[in-house]
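Survey of secondary and tertiary structure
One-letter residues, chain by chain:
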Amino acid sequence: MSEPFYVTTPIYYVNDVPHIGHAYTTITADALARWHRLLGDDVFFLTGTDEHGLKIQRSAEANGVSPLEQADVTSARFREVWNSLDISNDDFIRTTEPRHIASVQAFMQAIFDNGFIRKGTYAGQYCVACEAYYTDDDLVEGNCPIHGRPVEWLEEDNWFFELSRFEKPLLDWYEAHPDCVHPVGKRNEALGIIRQGLADVSVSRTSISWGVPVPWDDGHVFYVWYDALINYATAIGYGADPDRFARYWPAVHHLLGKDILRFHCVYWPAMCMAAGLEPPAHLGVHGFLLVGGEKMSKTRLNQIFPADLVTDFGVDGFRYHFLRDNPFGPDGDFSYEAMVTRYNTDLANNFGNLLSRVATVVGRRCDGIGPAPDPASPLGAVAADSLRDAAAAWAGLSPSNALEATWRLIAAANAHLETNEPWKMDPGPAVDAVMGDALEVLRIVAILATPAMPATCAHVWERIGLTGTPAEQRLPDAAAWGGYPGGLPVRTGDPLFPRISTK
Ligand code: MSP
């Protein structure tokens, strides 16, 4: 039976439309899902929208619509944008769906029944944009540390989750699972938060009604974060399908931005423990995509939307850029110029050029029929190295290194052509051997680059005469040197990636 691979993105708030920061996480999750499908794993890839809470309620009021109308429109927008970016999620969860409401109630009821929820009064500084309380120490010049905006004083009677009782269990869990948070700096950050001491947290609200009702107390709804985190459990059947839940939990891979580390790396593992579950096994935390050194935000009017870039770079050019140029972990500054340079170098001059050279020479020197590769070609060893390094990089949550390893194979094939100059040779076995090797590289690259560029790779596959798709291939066997059978028609055509002028 194949291995389960469960990968999630955060669920996105529906007060904002998708920008390149959201796209970054979603594309990374998509590429991982696609890589694991190539490995033959039983992949379940989840994304969705976070639709409750004060932030959404207020944004709906400002737009003169009901919160659900606002959520319907914006959630649909997220789906459309993900479709346009070739995102292959297996499910799209909305927190307003009945399946989720039932699951939140069952999950929180389990925590309540296990004795980890008590009544209390809460008062504190609240940032509506974060949907979070802050202590005075957290504030920066009296403002929210994330948004830089004024906080509000809120006071209410509500239910508390006894997070303080999980300090020791969490520290023990971190010690027993040294690799649970990636990269290691973010793991240390989570440990730092726990070691500073954990206060109980309020999990319900009476001041708003836009949320999941607390099953044991009418008039209370769950605070949006304690509804939202549970989406990861809902989608795999928490409370509804125990076998399915047991298949995918706890071996999940949660991807998230550094601003929501506290919720995912401290609160969520504790909630799981309180509900009698294992905490999530893998938490991948990435930095922000900055624009001109600043975090993108609606209020700063510096957001960049996927469509702005897809027009110039195409869907796969867009996907490739964010996977290749923004290593997972640190912040990265977005630059249009850097994107053009990377596109021209890696895609137009390397990948695209390899295909067009091969198609042209096979057309002129081999009657348009692709020859088989040489089993003893030196490129065979390069291909094996690329596969090994790419596999290790995907496993280590490093798409950038995985693609770098794949592009080494492309570069080696281009160098092989330049050394042998098949375009100067007469038709015959010598030309056939060089072209067969180059075709075999294209076949292997089409498989290895599929997670980043699914449509382009399917196109390359077809251009070199193969049937089916690269996505249907299974690693590692499919990438073993010698798979291109020869005797297939190779088509010339438009450039894969037309060069973009730097002027
Ligand atoms: N709804 C919560 C998540 C709940 S998950 C149980 C939320 N939503 S969000 O829409 O505000 O943010 C979703 C994700 O987008 C977060 O991981 C956040 O870090 C990420 N990004 C938002 N802006 C970003 C950048 N500029 N760069 C990279 N990612 C950023 O938080």
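Coordinates for the structure precede this section.
Residues numbered from 1 in each chain as written. Predicted model: local features only at pLDDT ≥ 70, side-chain atom pairs only at ≥ 80, totals over all residues. Heavy atoms only, no water.

1. Describing the pairing of strand 3 (residues 42–50)
Burial of strand 3 is extensive: 9 of the 9 residues sit out of reach of the surface. Bridge analysis of strand 1 (residues 4–8) against strand 3 gives 5 bridges, and the strand direction is parallel. Each residue of the ladder has a partner; that of Phe 5, found in strand 3, is Val 43. Taken together, the 2 bridges between strand 2 (residues 12–13) and strand 3 define a ladder with parallel strand orientation. In the strand pairing of strand 3, Tyr 12 is matched with Thr 49. Bridging between strand 3 and strand 4 (residues 91–94) involves 4 bridges; their strand directions are parallel. In the sheet register, Thr 47 faces strand 4, and the bridge partner there is Phe 92. (Buried < 20%, exposed > 50% of the residue type's maximum accessible area, 1.4 Å probe, protein only. Helix = DSSP H or I, 4+ residues; strand = E, 2+ residues; numbered from the N terminus. Pairing = 2+ DSSP bridges.)

2. Some points on the site of the ligand
For the ligand, the set of nearby residues contains 23 residues, the closest of which are Ile 11, Asp 50, Gly 257, Asp 259 and Leu 289. In the model, a nitrogen atom of the ligand is placed 2.8 Å from a nitrogen or oxygen of the Ile 11 main chain. Separating a nitrogen atom of the ligand from a side-chain N or O atom of Asp 50 is a distance of 2.7 Å. Within the complex, 95% of the 660 Å² of free accessible area of the ligand lies under protein. Those elements giving two or more residues to the shell around the ligand turn out to be strand 2, helix 1 (20–38), helix 7 (224–228), helix 8 (231–234) and strand 12 (252–257). Grouping the amino acids of the shell around the ligand by side-chain chemistry returns 13 nonpolar, 8 polar and 2 charged. (Near = heavy atom within 4 Å. Polar contact = N/O pair within 3.5 Å; in protein donor to acceptor, adjacent residues only side chain to side chain. Areas by Shrake-Rupley, 256 points an atom, 1.4 Å probe, with all protein chains shown as cover. Nonpolar A, V, L, I, M, F, W, Y, C, P; charged D, E, K, R; others polar.)

3. A few points about the packing of helix 11 (residues 306–325) against helix 12 (residues 336–365)
Direction vectors running N to C along helix 11 and helix 12 enclose 85°, while the axes themselves pass 10 Å from each other. As far as their axial angle goes, helix 12 and helix 11 are roughly perpendicular. The segment helix 11 lies against helix 12, with Leu 309, Asp 312, Phe 313, Gly 317, Phe 318, Tyr 320, His 321, Arg 324 and Asp 325 engaging Tyr 336, Ala 338, Met 339, Val 340, Arg 342, Tyr 343, Asp 346 and Leu 347. Broken down by class, the residue content of the contact of helix 11 with helix 12 amounts to 10 nonpolar, 2 polar and 5 charged. (Axes fitted to C-alpha atoms, helices over the stretch in contact; angles between N-to-C directions. Parallel < 35°, antiparallel > 145°, perpendicular 65-115°, else oblique. Contact = heavy atoms within 4.5 Å.)

4. What to know about the side chain of Asp 316
Along the polypeptide, Asp 316 turns up in helix 11. No salt bridge is formed by the buried Asp 316, whose closest oppositely charged neighbour, Arg 319, lies at an N-O distance of 4.2 Å. (Lys, Arg positive; Asp, Glu negative; His and termini not counted. Salt bridge = Lys/Arg side-chain N within 4 Å of Asp/Glu carboxyl O.)

5. Re the pattern of salt bridges
In the structure shown here, the tally under the stated rule is 27 salt bridges. In this structure, Glu 51 and Arg 94 form a salt bridge, with 2.7 Å as the shortest nitrogen-oxygen distance. A residue pair is termed long-range when its members are at least 10 positions apart, and Glu 51 in the loop between strand 3 and helix 2 (54–63) and Arg 94 in strand 4 qualify at 43 residues. Across the salt bridge formed by Arg 408 and Asp 389, the nearest N and O atoms sit 2.5 Å from each other. Taken together, the positions of Arg 408 in helix 14 (residues 399–420) and Asp 389 in helix 13 (residues 379–395) put the pair 19 residues apart, joining distant regions of the chain. Residue classification places Arg 408 among the partly exposed residues on the basis of a relative accessible area of 35%. With relative accessibility at 25%, the residue Asp 389 sits in the partly exposed group. Bridged by salt links that share partners, the residues Asp 385, Arg 388, Asp 389, Glu 404 and Arg 408 form one connected network.

6. Some remarks on the sheet that holds strand 15 (residues 294–295)
If you trace the 3 strands from one edge of the open sheet to the other, you get 15-14-16, paired in mixed fashion. If you trace the sheet from one side to the other, it starts and ends with strand 15 and strand 16 (332–334), each paired once. Here strand 14 (residues 289–291) runs beside strand 16; their pairing, made up of 3 bridges, is parallel. Counted as the bridge partner of Val 291 is Phe 334 from strand 16.

7. Let's talk about the environment of Tyr 267
Topologically, Tyr 267 is positioned in helix 10 (residues 261–274). The class for Tyr 267 is buried, based on a relative accessible area of 10%. In this structure, Tyr 267 is in contact with Leu 163, Val 201, Tyr 226 and Arg 262, ignoring residues within four places of it in sequence.

8. Considering unusual backbone geometry
The general pattern is negative phi for most residues beyond glycine and trans for most peptide bonds. For the bond from His 182 to Pro 183, the omega torsion is -5°, close enough to zero to count as cis. Following the sequence through the fold, Pro 183 ends up in the loop between strand 8 (181–182) and helix 6 (184–195). Cis geometry is adopted by the peptide bond preceding Pro 250, which originates at Trp 249 and carries an omega value of 10°. Structurally, the position occupied by Pro 250 is in the loop between helix 9 (242–248) and strand 12. Not every positive phi belongs to a glycine, and Asp 367 is a case in point at roughly 55°. Position of Asp 367 among the secondary structure elements: in the loop between helix 12 and strand 17 (369–370). Phi at Leu 397 is positive, roughly 55°, even though this residue is not glycine. As for its position among the elements, Leu 397 is in the loop between helix 13 and helix 14. Here Leu 397 falls in the buried class, since its relative accessible area comes to 13%.

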